[in-house]
Amino acid sequence: MDHAVDRLGEQKSLAFQLDLDADAATINTLAGESGPDEALPPEFAKFLSGLRVDVSVKSKKPLADSGEKDLIGTSMKIAGADGVLAEYRVVGDFTYYRADMKAVGKAMGFPMPSADDLPPSEKEMKKVLEGDWVKVDTKKLESSRKAAGGASKGAGADDIDAKTQKKILDAVSRVIAHEVTFRTKSGADGVEHVVAKGNFRDLLTGVFDKLRPLQDDLPEGAELPTAKDLKDAPNKKVAVDFTLKNGDLRQIKVDLAVLADGQKGTKLPLVLKFSKAGDVSAPSGATEMPVDKVPGGGSLGGALLGGGGF
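Residues numbered from 1 in each chain as written. Predicted model: local features only at pLDDT ≥ 70, side-chain atom pairs only at ≥ 80, totals over all residues. Heavy atoms only, no water.

A.B. asks: So what's going on with the sheet that holds strand S6 (residues 134-137)? Residues and values would help.
C.D. replies: Strand order in this open sheet of 12 strands is S7-S8-S9-S10-S11-S1-S2-S3-S4-S5-S6-S12, and the pairing throughout is mixed. Whereas interior strands pair on both sides, the edge strands pair on one side only; in this sheet they are strand S7 (181-186) and strand S12 (287-288). Alignment of strand S1 (residues 13-20) against strand S2 (residues 52-59), held across 7 bridges, turns out to be antiparallel. Pairing of Phe-16 across the sheet is with Val-55, part of S2. Helix-sheet contacts for helix H1 (residues 2-10) involve S1, strand S9 (237-245), strand S10 (248-255) and strand S11 (269-275), and the interaxial angle to S10 is about 115 degrees. (Pairing = 2+ DSSP bridges. Helix = DSSP H or I, 4+ residues; strand = E, 2+ residues; numbered from the N terminus. Contact = heavy atoms within 4.5 Å. Axes fitted to C-alpha atoms, helices over the stretch in contact; angles between N-to-C directions.)

What follows is the structure in structure tokens.
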């Protein structure tokens, strides 16, 4: 497993895809078992069942050795059953963004504003609402975002230095070695499954107990949950299935249904797949948007354009 994870960092092109491998009926069933107040609207359960998040990154160097200047391009795409809902790419000096607001409104169960609803002063947003590509200068976007957030520690304030990263990884590794059991199962064509199993609450408690001495080295605002908070975590065993092929990590799967008090046999697999990155080139015909017209104080599309990282 260590070797397979290291191999990911040796790649110059990497993509991962995250989705729920469950239909709308299963999602509705699990949500409803939490109580009538937790029931989901039918259209939203359908939306979740078809939701997929794709992240891609390409670099001139192996990703483990890459800095921001080495990246050729990064992208994140959120798609539903009917196609792309929102996407951003960071390529060269610009961050590119598009969204299908009509599809987003349909999925959420309420209509989103159309281009015709915009006042003249917001004409720059017309392209966004019509689903066309827009672009923003990445450096200006980052400066605006930090100014809006009142960052006081300057550039890199949210970064974790390499020494602290190693301490975190060592701490987590020690907990996993103590709390998690592993078994392997070989298949055909070079496929191997490694199943890691452990108690969810014990694992979380152990990890955060080890991280608390590092609190002062973490970014400002990164508050760790207290022991009292963790008492509410499910006291259940969870299995994580890692799929390897010829030594490369291809997929991680965990059944979230075991953390709920659902019917026996109900499954809600969360699947993370790894592959080579797809297209992360700059889209043609994008309209440039002034940073002062970006919604949310410099974070276009909320979390989607959080400043040029991924």
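We are not done yet, so read on.
A.B. asks: An account of H1 is needed here, citing residue identities and associated values.
C.D. replies: Within H1, the full set of buried residues consists of Ala-4, Leu-8 and Gly-9. The arc enclosing the buried residues of H1, seen along the axis, measures out at 150 degrees, which places them on a common side. Residues Asp-2 and His-3 are exposed on H1 and point more than 90 degrees away from its buried face. On its buried side, H1 packs onto S1, S9, S10 and S11. (Buried < 20%, exposed > 50% of the residue type's maximum accessible area, 1.4 Å probe, protein only. Arc of directions from axis to C-beta.)

A.B. asks: With reference to specific residues and values, describe the packing of aromatic side chains.
C.D. replies: Working definition: an aromatic ring pair is given by the centre-to-centre distance plus the angle between the planes. On inspection of all chains with the given rule, the structure shows 1 aromatic pair. A centroid spacing of 6.4 Å and a plane angle of 55 degrees characterise the contact between Phe-94 and Tyr-96, whose relative ring orientation is tilted. For Tyr-96, a relative accessible area of 7% corresponds to the buried category. The ring of Phe-94 carries the charged tip of Lys-135 above its face, separated from the ring centre by 4.5 Å. (Phe/Tyr/Trp six-rings, centres within 6.5 Å; stacked < 30°, edge-to-face > 60°. Lys NZ or Arg CZ within 6 Å of the ring centre and 35° of its normal.)

A.B. asks: Account for the nonpolar core, with residues named and values stated.
C.D. replies: Soluble, globular proteins show a tendency: their nonpolar side chains are buried together. Within the largest apolar cluster, 17 residues are counted, with the highest numbers of intra-cluster contacts made by Tyr-88, Tyr-97, Ala-99, Val-128, Val-136, Met-289 and Val-294. Counting residues per element, the ones that place at least two in this core are strand S4 (83-91), strand S5 (94-99), helix H5 (126-129) and S6. In terms of residue count, the dominant contributor to this core is S4 (3 residues). Contact partners of Ala-99, with chain neighbours within four places excluded, come to Leu-85, Ala-86, Val-128 and Gly-131. Residues Leu-8, Leu-244, Leu-249 and Ile-252 belong to the second largest nonpolar core, which totals 13 residues. (Core = buried A, V, L, I, M, F, W, Y, C linked by side-chain atoms within 4.5 Å.)

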